[in-house]
Amino acid sequence: MAGGWSRDGAVNEQIDASIQDELLRLKARRGPVGESLTHCAECDEPIPERRRAAIPGVKLCVDCQQERDGRPVARGGVNRRGSKDSQLK
Ligand SMILES: [Zn+2]
């Protein structure tokens with residue numbers, strides 16, 4: 001029985017981690033933080049005030065940022081137990 005693996009905890013950690021991850025990545029990429037743009041550098045969409053406040057020096061809207069990171073849009077309820085169970089047998 002090697003299962004230190006709670007699904008609720010894992011999901012929460014994943015969400016936290018992806019936010020932290022994005023912030024760290026942005027910080028790492030540009031040392032000194034520049035000014036936030038009011039409009040996305042890629043698609044010219046207005047960047048929401050809250051996003052600009054949360055991410056100093058933000059240059060991209062959410063969509064473009066996610067595309068650039070190559071990360072699919074976060075979804076809550078993906079259930080991968082199927083493949084796990086088949087490995088156990
Ligand atoms: Zn954009």
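Asker: Before we move on, can you summarise a negative patch on the surface with the specific residues and values?
Answerer: The grouping of Asp44, Glu45, Asp63 and Glu67 at the surface amounts to a negative patch. For Asp63, the location among the structural elements is in helix α3 (residues 62-69).

Asker: Give a description of the nonpolar core that names residues and reports values.
Answerer: One finds Leu26, Cys40, Ile47, Ile55, Val58, Leu60, Cys61 and Cys64 forming the largest nonpolar core, which totals eight residues. Each residue touching Val58, except ones within four places of it in the same chain, is listed here: Glu35, Ser36, Leu37, Ile47, Arg51 and Arg52.

Asker: Can you break down unusual backbone geometry residue by residue, with the values?
Answerer: Peptide bonds are trans in most cases, and residues, glycine excluded, mostly fall at negative phi. The residue Asp44 is not glycine, and still its phi comes out positive at about 70 degrees. Among the structural elements, Asp44 can be located in the loop between α1 (7-29) and α2 (49-54). Classification of Asp44 as exposed rests on a relative accessible area of 56%.

Basis of the calculations
- Residues numbered from 1 in each chain as written.
- Predicted model: local features only at pLDDT ≥ 70, side-chain atom pairs only at ≥ 80, totals over all residues.
- Heavy atoms only, no water.
- Patch = residues over 30% accessible without salt bridge, like charges linked within 9 Å, V, L, I, M, F, W, Y side chains within 5 Å.
- Areas by Shrake-Rupley, 256 points an atom, 1.4 Å probe, with all protein chains shown as cover.
- Salt bridge = Lys/Arg side-chain N within 4 Å of Asp/Glu carboxyl O.
- Lys, Arg positive; Asp, Glu negative; His and termini not counted.
- Charge placed at Lys NZ, Arg CZ, Asp CG, Glu CD.
- Helix = DSSP H or I, 4+ residues; strand = E, 2+ residues; numbered from the N terminus.
- Core = buried A, V, L, I, M, F, W, Y, C linked by side-chain atoms within 4.5 Å.
- Buried < 20%, exposed > 50% of the residue type's maximum accessible area, 1.4 Å probe, protein only.
- Contact = heavy atoms within 4.5 Å.

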